[in-house]
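Structure at a glance
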Amino acid sequence: MHTPHKVPIMLAAAWPPRQWADLTVLVAVSGGADSVAMLRALVAVKPAGDGRLVVGHLNHRLREDADADERFVAELSGRLGLECCSGRLEPASLTEAGRGLEAAAREARYRFLRTTAERLGARYVACGHTADDQIETVLHRILRGTGIAGLAGMPAARRLSEAVTLVRPLLGARRSDLLEYLDRIGQPYRQDRSNLDRRFTRNRLRHDLLPHLAEHYNPAVGDALLRLARLAGEIQEVAARRVGQLKPRAVVEGRGVILLRERLAGEPEYVVRELIKAVWRRQGWPQQAMGLGEWDLLVRMLFGGEAITGERGEKRTLPGGVLAEVVEDGLKLERPAPGP
């Protein structure tokens with residue numbers, strides 16, 4: 001009798017089965033090694049209960065073998081006795097102005113998973129991101145320029161909507177462990193040839209930069225980036241708790257949002273920036289074009305300084321059409337409705 005492989009054990013430790021025994025879980029499966037290993041591990045550890053596993057697959061229709069991937073996932077689901085919910089996209093919908101293909105595909109995938117989970121009444125969406133994905137994410141963000149929150153990498157869980165939470169139960173597992181697990185149980189998987197395409201930044205990081213760093217600078221560069229992400233995550237948790245304490249007494253919501261200067265005096269600028277970001281997210285305003293310069297501008301408007309007078313009536317228009325105005329008590333943020 002085989003002893004249990006460490007992948008199902010690791011998954012169960014990261015996301016204890018008792019948390020989802022009686023809940024429906026939508027499992028995002030592309031057909032690649034990571035998501036197939038996650039699906040097989042979830043099936044292996046699933047406890048008895050009223051909950052069920054449902055497979056979700058989005059066919060972006062960007063590659064010649066995309067339809068074959070969809071058939072593979074459907075057939076695997078059938079062999080495991082699981083329902084499979086598939087969706088298809090028109091490739092033209094991923095080439096809208098102002099968005100890269102990778103970002104557009106990712107947004108479409110999460111939108112599909114969220115709407116499918118809500119339709120099914122699934123409480124969780126499980127994604128097969130690994131420690132290797134985390135390493136690549138942190139390195140990519142360092143190269144683009146990021147703050148503490150970005151250095152923390154992908155969280156193990158995050159809300160997709162009020163009803164649905166995305167979880168990454170294999171975020172602590174290395175890709176080599178998953179490949180070993182699939183080989184041990186004799187489970188085939190699909191090879192995505194686009195993962196070798198150097199036109200995509202993540203592929204250049206994976207196949208060129210990380211091996212170069214490991215060979216010439218630090219053989220354990222991956223572990224170093226994972227430690228950095230963990231430490232940044234701990235700092236971000238502290239900031240998030242402080243933001244949660246400040247919001248009820250320093251933010252007034254009504255027609256727009258007002259941040260109260262007196263209630264925020266003496267707080268570290270980093271915490272104030274995080275509070276402004278939290279307000280921004282809650283309002284559903286676009287964040288993509290907001291960089292450190294824009295967040296710092298809002299802090300300076302709130303307190304004054306560096307060419308910002310902080311005088312009542314001073315205004316700035318920010319990305320997404322959000323209007324920032326210095327008012328008597330602090331800083332007002334509002335997104336006026338578009339004119340007729």
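Residues numbered from 1 in each chain as written. Predicted model: local features only at pLDDT ≥ 70, side-chain atom pairs only at ≥ 80, totals over all residues. Heavy atoms only, no water.

1. Considering the packing of helix H2 (residues 33–45) against helix H7 (residues 175–185)
Each pair of packed helices gets described by two things: the angle between the helix axes and the distance between those axes. It is the contact of H2 with H7, at a shortest axis distance of 9 Å, that shows an interaxial angle of 60°. The orientation of H2 relative to H7 falls into the category oblique. The two elements H2 and H7 cross, and the hand of that crossing is left-handed. Residue-level inspection shows Ala33, Asp34, Val36, Ala37, Arg40, Ala41 and Ala44 of H2 in contact with H7, the latter providing Arg175, Leu178, Leu179, Tyr181, Leu182 and Ile185. (Axes fitted to C-alpha atoms, helices over the stretch in contact; angles between N-to-C directions. Helix = DSSP H or I, 4+ residues; strand = E, 2+ residues; numbered from the N terminus. Parallel < 35°, antiparallel > 145°, perpendicular 65-115°, else oblique. Left-handed = near helix turned anticlockwise from the far one by under 90°. Contact = heavy atoms within 4.5 Å.)

2. Considerations on the nonpolar core
Counting residues in hydrophobic clusters, the biggest one holds 29 residues, and the most contacted among them are Trp15, Trp20, Val25, Val27 and Leu42. Contact partners of Trp20, with chain neighbours within four places excluded, come to Trp15, Val25, Leu42, Val45, Lys46, Pro47, Leu53 and Tyr124. If you look at the next biggest cluster of nonpolar residues, it comprises 28 residues, including Leu246, Val272, Leu298 and Leu318. (Core = buried A, V, L, I, M, F, W, Y, C linked by side-chain atoms within 4.5 Å. Buried < 20%, exposed > 50% of the residue type's maximum accessible area, 1.4 Å probe, protein only.)

3. Quick word on the sheet that holds strand E11 (residues 330–334)
The antiparallel open sheet is built from five strands, whose spatial order is E7-E8-E11-E10-E9. Strands at the two margins of the open sheet, each flanked by one partner only, are strand E7 (251–254) and strand E9 (315–318). Each strand of the sheet is rotated relative to its neighbour by a mean of 20°, with strand direction disregarded. Direction of pairing for strand E10 (residues 322–326) relative to E11: antiparallel, over a ladder of four bridges. Following the sheet pairing, Glu325 is matched in E11 by Lys332. (Pairing = 2+ DSSP bridges.)

4. Section: the environment of Ile142
When you line up the elements, Ile142 lands in helix H5 (residues 131–144). Residues Ile142 and Glu234 lie 92 residues apart in sequence; the distance between their C-alpha atoms is 18 Å. With sequence-adjacent residues up to four places away left out, Ile142 is seen in contact with Leu151, Leu225 and Leu228.

5. What to know about the state of the cysteines
Put plainly, a disulfide is one covalent bond tying together the sulfur atoms of two cysteines. Applying the stated criterion across every chain yields a total of zero disulfides. Lacking any disulfide linkage, Cys85 is separated from the closest cysteine sulfur, that of Cys84, by 6.8 Å. Between Cys127, a free cysteine, and Cys84, which holds the nearest cysteine sulfur, the sulfur-to-sulfur gap is 15 Å. (Disulfide = S-S within 2.5 Å.)

6. Thoughts on the packing of helix H11 (residues 269–283) against helix H12 (residues 292–303)
One can describe the packing of H11 onto H12 by two numbers: an axis separation of 10 Å at closest approach and a directional angle of 105°. With respect to H12, the element H11 is oriented roughly perpendicular. Within the contact between the two elements, H11 uses Glu269, Val272, Arg273, Ile276, Lys277 and Trp280 and H12 uses Leu292, Trp295, Asp296, Leu298, Val299, Leu302 and Phe303. Residues that form the contact of H11 with H12 fall into these classes: nine nonpolar, no polar and four charged. (Nonpolar A, V, L, I, M, F, W, Y, C, P; charged D, E, K, R; others polar.)

7. Things to note about helix H3 (residues 66–79)
Two residues of an α-helix separated by three or four positions point the same way, owing to the 3.6 residues in each turn. Spanning 14 residues, H3 covers 20 Å between terminal C-alpha atoms, matching the ideal 20 Å at 1.5 Å per step. Burial in H3 covers these residues: Ala66, Ala68, Asp69, Glu70, Phe72, Val73, Leu76 and Ser77. Where H3 terminates, the next one or two residues include Gly81, which has phi positive at roughly 75°. (Expected span 1.5 Å × (residues − 1).)

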